[in-house]
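Chain residues, written in single-letter form:
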Amino acid sequence: MVKIKYKCKIIYEKHNKKSANLTTPLCVLAPPPLFTLLKRFQRMQGFFPTSTDGNMATEFHNLQELRHSASLANKVFIQRDYSEGTTCKFQTKFPSELESRIERTLFEDTVKTLNNFYAEAEKIGGQSYLEGCLACVTAYLIFLCMETRYEKVLKKIAKYIQEQNEKIYAPRGLLITDPIERGMRVIEISIYEDRGSSSSSSGSSSVSGSTAR
Amino acid sequence: MSAVMITRKVRKWEKLPGKNTFCCDGRVMMARQKGVFYLTMFLIVGTCSLFFAFECPYLAVHLSPAIPVFAIILFLFVMAMLLRTSFSDPGVLPRALPEEANFIEMEIEAANGNVPAGQRPPPRIRNVQINNQIVKLKYCYTCKIFRPPRASHCSICDNCVDRFDHHCPWVGNCVGKRNYRYFYLFTLTLSLLTIYIFAFDIVHVVMRSVDKGFLNTLKETPGTVLEVLVCFFTLWSVVGLTGFHTYLISLNQTTNEDIKGSWSGKNRVQNPYSHKNIIKNCCEVLCGPTYPSVLDRRGLMQEDSPVSAGSEPPFSFNNSVPQTTKTTAPLIPNEHTPDDVKPSIAASAEKKPSPKERSSAPKEKSPTPKEKSPTPKEDHSPVPKVPPLASPETDVETSITKTH
């Protein structure tokens, strides 16, 4: 399959409503377009970023464009920590792929905060009993009007991850995916390389990861 | 580049793998075989209608009007619990996307080291320690993940389900983490309803027979006979089931674990999930947090579909949404592999065992020589350079025991 390099300036302008230097790495994009790109990319996480076929959706164009300035080099998956049972908790072990990209303490802080959020959501105590009993009495119809505690915490988590991405991870060329989009199995961290520093245009992430090294 | 693509927005449930049926635009999720579920509905609604038609008028007048009222409340509760159990997501774990699957494969290969050609690779098991107990996490070849503790793959629905209890044909769905408490409440209230109807049927027949004689009573209210029959058989099964699940809840075990004898006590294994306190166990299962569904059924996604057949075959590896197993096709072909990708798999993988990775009975134990060096990939194929995947037929453990 022949890779097609697009003229991204026009497309980029269309999405960000201002002209931008195509070689600008991800980290120096202005916050509003960065936010848009982050949001779009996060929604696109499920798609292969290396799709190369003909007429694609606008968002593919956007993703292609993203890769012109910063290409997806690798993905790291932080696994679950089952030492305390089946409650949702992620390992705080620092992956070696991120050693040159981010400080250990920042990473551990993020994972620990996420773990705390999940612990709060799954806490079995007075409030969860009350919610459970009330719901049972109303034959669980109350959930049509009310949001469960877990859902409220999930919203907080989504906001926290977005904030972390904007402040800490995107400037370092990384992107965290909300675990709920991966079935709460892993925290997926996408590693981006600046354009021109890796030949990551072919194949998928793991290949490019190995060649980039 | 000659194919014209049309992108359209589809809901994610349309592209979910697995053998579920979805209704109401993704709001309802059930198994494929729904016949027994319809029977359950028919029996409950039918018996209750007969009760309201024949017994209730007499009892309301001669005993108390509270009787039909309570019966209605019980009936509505039973129906609510049944529908909630049947229509909700039991806790399905979504399959691993290709990058995650590759990552896991790399880890496994790194852990296994070099397996000499002709030998089977070791079984894919991860050991974790939970509350000072070693628990083995098995690898699911269909979903390409290491199953979390207490999760199991349902072969009827073709999904890994978290805290898998069992697949219940009577409710037409799996029973797992998210709908176990509704299932339990359904069996409990159904037992109560059955006992209630049975008791008041007897009372009604006795009261009427005193006035008019036994045979006349049966002639006047023929529905009673049917009700008593249904209730009698239901009583034994449903009450027994409720008792069994009460026992499981007090020990914080699942039906699956009980059947397999995971925590039966031999070899000094104990249930690491139990709080060793009946009340705490019951509270955790019945009054614990309501877990959200991690399957985003109603989310929107883009789908590219070719309009005209173009000169080159559309490479569905990239086209179709990677949420389905179709895009993991290059790893192991199975019945989900679209036909146009199969030739490329055949080209890239020289010798592979039969693509039926979900076969429960092992076919042959002939060791297929596995090449551990990555096979050279052609330029056109974006298949990542991973060694050929092991499959259940080549794994030692899964060849001996049935998978799942």
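Keep in mind the model is a prediction, meaning the values are calculated, not measured. (Residues numbered from 1 in each chain as written. Chains lettered and ligands numbered in written order. Predicted model: local features only at pLDDT ≥ 70, side-chain atom pairs only at ≥ 80, totals over all residues. Heavy atoms only, no water.)

**Some words on the overall build of chain B**
Here's step 1: Per the secondary structure count, chain B includes 11 helices and 12 strands.
Here's step 2: Taking all contacts inside chain B whose residues are at least 6 apart in sequence as the whole, residues at least 24 apart take part in 66%.
Here's step 3: Roughly 18600 Å² of accessible area belongs to chain B as shown, and the carbon and sulfur atoms make up 63% of that amount. (Helix = DSSP H or I, 4+ residues; strand = E, 2+ residues; numbered from the N terminus. Contact = heavy atoms within 4.5 Å. Areas by Shrake-Rupley, 256 points an atom, 1.4 Å probe, with all protein chains shown as cover.)

**Observations concerning a nonpolar patch on the surface**
Residue and element names in this part refer to chain B.
Here's step 1: Where nonpolar side chains cluster on the molecular surface, the patch consists of V36, L39, F42, L43 and W170 and spans about 470 Å² of accessible area.
Here's step 2: In this fold, V36 is placed in helix 1 (residues 35-62).
Here's step 3: Residue classification places V36 among the partly exposed positions, given a relative accessible area of 32%. (Patch = residues over 30% accessible without salt bridge, like charges linked within 9 Å, V, L, I, M, F, W, Y side chains within 5 Å. Salt bridge = Lys/Arg side-chain N within 4 Å of Asp/Glu carboxyl O. Buried < 20%, exposed > 50% of the residue type's maximum accessible area, 1.4 Å probe, protein only.)

**Considering empty space enclosed by the protein**
Here's step 1: For the coordinates displayed, the defined rule picks out 17 cavities of 30 Å³ or more.
Here's step 2: By volume, the largest cavity is sized at about 200 Å³.
Here's step 3: Lining the largest cavity are 19 residues, and of these A:G183, A:M184, B:D162, B:K177 and B:V294 lie nearest its centre.
Here's step 4: Looking at side-chain class alone, the lining of the largest cavity contains 10 nonpolar, 3 polar and 6 charged residues. (1 Å grid on protein atoms, 1.4 Å probe; cavity = no way out; pocket = protein on both sides within 12 Å on 5 of 7 lines; lining within 4 Å. Points joined across faces, edges and corners; volume = space filled by probe spheres on them. Nonpolar A, V, L, I, M, F, W, Y, C, P; charged D, E, K, R; others polar.)

**Some remarks on the pairing of strand 5 (residues 125-130) of chain B**
All names here are of chain B.
Here's step 1: As paired strands, strand 5 and strand 6 (residues 133-140) are joined by 6 bridges and run antiparallel to one another. Bridge assignment links N127 to a residue of strand 6, and that residue is K136.
Here's step 2: Connecting strand 5 to the antiparallel partner strand 6 that follows it, the hairpin turn spans 2 residues, and N131 within it adopts a positive phi of roughly 50 degrees. (Pairing = 2+ DSSP bridges.)

**Brief notes about the UniProt feature "domain: Palmitoyltransferase DHHC" (unreviewed entry) in chain B**
Here's step 1: What UniProt calls "domain: Palmitoyltransferase DHHC" (unreviewed entry) maps, in this numbering, to residues 136-260 of chain B.
Here's step 2: A distance of 14 Å separates the end C-alpha atoms of residues 136-260 of chain B, which is 60% helix and 15% strand. (UniProt positions renumbered as here; feature names shortened; annotations may be inferred.)

**Side note on the UniProt feature "transmembrane region" (unreviewed entry) in chain B**
Residue and element names in this part refer to chain B.
Here's step 1: The positions UniProt marks with the feature "transmembrane region" (unreviewed entry) are residues 36-54, 66-83, 182-206 and 226-250.
Here's step 2: Annotated as 100% helix and 0% strand, the span residues 182-206 places its first and last C-alpha atoms 36 Å apart.
Here's step 3: Between the end C-alpha atoms of residues 226-250 the distance is 35 Å, and the span holds 100% helix and 0% strand.

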